[in-house]
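# Examining the three-dimensional arrangement
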Amino acid sequence: MTGTQLFLQQLANGLTLGAIYALIALGYTMIYGVIQLINFAHGEVFMVGSYLALTLMLALTALVPWPVALLGALLGAMLGCSVLGWGIERWAYRPIRQAPRLNALITAIGLSFVLQNAIMLLYGPTDRQFPNPVPLVRWEIGGVTVTLMQVLVWGVAAALMCGLQWLVMGTKLGMAMRATAQDLKICRLLGIPVHRLIGVTFALGSALAAVGGTLFGMTYGTINFHDGYVVGLKAFTAAVLGGIGNIPGAMVGGVLLGLLEGFGAGYLSSQWKNVFAFVVLVLLLLGKPTGLLGERVADRA
Amino acid sequence: MLQVSHVVAGYGAIDCLHGVSLEVHPGEIVALLGANGAGKTTTLMAISGLLPCRAGRITFDGMDLPDESPESLVRRGLSHVPEGRRILGRLTVEENLRLGAYTRADAVQVHQDLQRAYALFPILASRRRQLAGTLSGGEQQMLAIARGLMSRPKLLLLDEPSLGLAPKMIQLMFETIQRLNREGLTILLVEQNAYQALHVAHRGYVLETGRVVLEDTAAHLTTNPRITAAYLGS
């Protein structure tokens, strides 16, 4: 394998991981954007999404052709996590909206324990094999191997991000979300139902995390009930890297973090890949605390 | 149209309003005057539901306001243009206006009202695709008022529309207020600029440390020695 080939191969691997990080990072950033809350239970929503997809995939692959099973698992996990995310906002965060921020953080930690342990009780503490019905198709392009699975991850992530961009920039709902992110109080005066809007934001972010969870399980083959912690932390890093609160920033941050890990693992050592990600984050925050695409500092850091 | 009776409201442990009562009849412009900290803005916030009433009663068009959310108040015809304009700077002028009509579903009527807003303030039409944060102070105030009208209110609560504006712009604001009133809009106007406010208003109330100390027609208030001494300069 030549130098260029190694580079391109790591690029392909890094992009796959990055697409998954980006999908999860979007949830952190959307929620922060609207109510300046870091939902530290978001990683667990991702994890629950991967288990929902696992159950659906096991049930569906025997019955229907694989593309239908995949679509069913994706949509089912998205729906399930939307309800979960909406419920988290409605019953865990909304009652303490006026309380100091530390309360929300403690709530998030509690929620994480509840979700982790619920999944552990339901599915057991050991790694679970994640069925991947996608046929193992490989393409050799100039010595670089690209699999159908990777192309699928890129395609799904790109489509969802385009969809989200359209929703936020091109619809009335998105306009109201951007307005609420800027000034929640005036939005109440304009008659915008901000509580419902915040709920929708949680549901949307959670649905994207569910897609991340499904693709993660399929790409890596096994899932575990504490995957949400590490992957969630990485996705949070990606959101901060891109500029928290900034939607294109989360996409860029996710992909960048995936690439960093890909190249770090390829060129240096795969055991140190987490270190590269966090070192870059620290360096970036020293130089540009608002993240790559963030503009606002003021009280929000 | 609006009855505020014996309202007590405040922030934290402190009451700012100690039983404010006032009334606004259909078709009127009512001026709410008073020094800084007298409770003018607090009164408006209590009416529009941003601040809970600790005692007293507010009714608008026959319904009890404290039970209603700010959203449903907008649907029922109450619009509050707050102090400091509060325009959404990272959204375009047109997006700001459209958000003012968020509670309305009829796209055709909203489009008509958008055209009316542009007719009212032609400068906004030429800046419709611009980010609202790039507008001048006067243009932002025009946008704030135009946005407040997009929900087709029956009653407009207007908080300090002349604050920080150039004299020519202040003139335009008061002319606009009169024009809107002639077209049938009822207005409750909070102003520091007492002389100008009384010039356009029908009646006025004077607040002092959370209490109404005077109420009269605008014409009488303008000649009231207490007012001229305190607010108008002799």
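One can find the structure itself at the top, above this paragraph.
Just so we're clear, the structure is a prediction, and the values are computed from it rather than from any experiment.

With that settled, consider the overall build of chain B. Within chain B, the secondary structure is distributed over 10 helices and 10 strands. Sorting the 234 residues of chain B into buried and exposed places 45% on the buried side. Across chain B, the fraction of contacts at a sequence separation of at least 24, relative to all contacts at a separation of at least 6, is 67%.

Here we come to the overall build of chain A. Scanning chain A from terminus to terminus reveals 11 helices and 4 strands. Taking all 301 residues of chain A together, 49% fall into the buried category. For chain A, the proportion of contacts with a sequence separation of at least 24, taken over those separated by at least 6, is 77%.

Moving on: the sheet that holds strand S6 (residues 78-81) of chain B. All names here are of chain B. Read from one edge to the other, the open sheet built from 6 strands follows the order S6-S7-S8-S3-S9-S10, with strand pairing classed as mixed. In the strand order of this sheet, the two ends are held by S6 and strand S10 (211-217), each with one partner. Here the strands of the sheet are splayed against their neighbours by 15 degrees on average, with no regard to which way each runs. Inspection of the sheet shows strand S3 (residues 29-34) paired to strand S8 (residues 186-190) by 4 bridges, in the parallel sense. Residue pairing for S8: Ile 29 is matched across the bridge by Ile 187.

All names here are of chain A. Of note, Val 137 is situated in the loop between strand S1 (128-129) and strand S2 (138-141). In this structure Val 137 comes out as exposed when scored by C-beta crowding, with 10 C-beta atoms within 10 Å. Val 137 sits 144 residues away from Leu 281 along the chain, and the two C-alpha atoms are 35 Å apart.

This part covers the packing of helix H1 (residues 3-35) of chain A against helix H9 (residues 227-242) of chain A. All names here are of chain A. As a packed pair, H1 and H9 sit with axes 8 Å apart at the nearest point and diverge in direction by 70 degrees. Considering their axes alone, H1 and H9 lie roughly perpendicular with respect to each other. Only Val 231, Gly 232, Lys 234, Ala 235, Phe 236, Ala 238 and Ala 239 of H9 make contact with H1, whose side of the interface consists of Tyr 21, Ala 22, Ile 24, Ala 25, Tyr 28 and Thr 29. Tallied by class, residues from the contact of H1 with H9 come to 10 nonpolar, 2 polar and 1 charged.

A few words on the environment of B:Pro167. For B:Pro167, the position within the fold is in helix H7 (residues 167-182). Sequence spacing of B:Pro167 and B:Leu185 is 18 residues, and the spatial spacing of their C-alpha atoms is 24 Å.

Strand-to-strand pairing in sheets goes through backbone hydrogen bonds, with the strands running parallel or antiparallel. Residue and element names in this part refer to chain B. Spatial ordering of the open sheet is given by S2-S1-S4-S5, a layout of 4 strands whose pairing is antiparallel. Each end of this open sheet is capped by a strand with a single partner; those strands are strand S2 (14-24) and strand S5 (63-64). In the sheet, strand S1 (residues 2-11) pairs with strand S4 (residues 55-60) via 5 bridges, with the strands oriented antiparallel. Residue pairing in the sheet places Val 4 in a bridge with Ile 58 of S4. Along the sheet face, helix H1 (residues 40-47) touches S1, S2 and S4 and points at about 70 degrees away from the line of S2.

Residues and elements named next belong to chain A. Look at H9 against helix H10 (residues 247-268): their axes get within 7 Å of each other, and the N-to-C directions meet at 120 degrees. By the angle between their directions, the pair H9 and H10 is classed as oblique. Along this stretch, H9 crosses H10, giving a crossing that reads as right-handed. Of the residues in H10, those touching H9 at Lys 234, Ala 235, Thr 237, Ala 238, Ala 239, Leu 241 and Gly 242 are Gly 249, Ala 250, Val 252, Gly 253, Gly 254, Leu 256 and Leu 257. Of the residues contributing to the contact of H9 with H10, the split by class is 8 nonpolar, 5 polar and 1 charged.

Parameters and conventions
- Residues numbered from 1 in each chain as written.
- Chains lettered and ligands numbered in written order.
- Predicted model: local features only at pLDDT ≥ 70, side-chain atom pairs only at ≥ 80, totals over all residues.
- Helix = DSSP H or I, 4+ residues; strand = E, 2+ residues; numbered from the N terminus.
- Buried ≥ 20, exposed ≤ 12 C-beta atoms within 10 Å, placed from the backbone.
- Contact = placed C-beta atoms within 7 Å.
- Pairing = 2+ DSSP bridges.
- Axes fitted to C-alpha atoms, helices over the stretch in contact; angles between N-to-C directions.
- Parallel < 35°, antiparallel > 145°, perpendicular 65-115°, else oblique.
- Nonpolar A, V, L, I, M, F, W, Y, C, P; charged D, E, K, R; others polar.
- Left-handed = near helix turned anticlockwise from the far one by under 90°.

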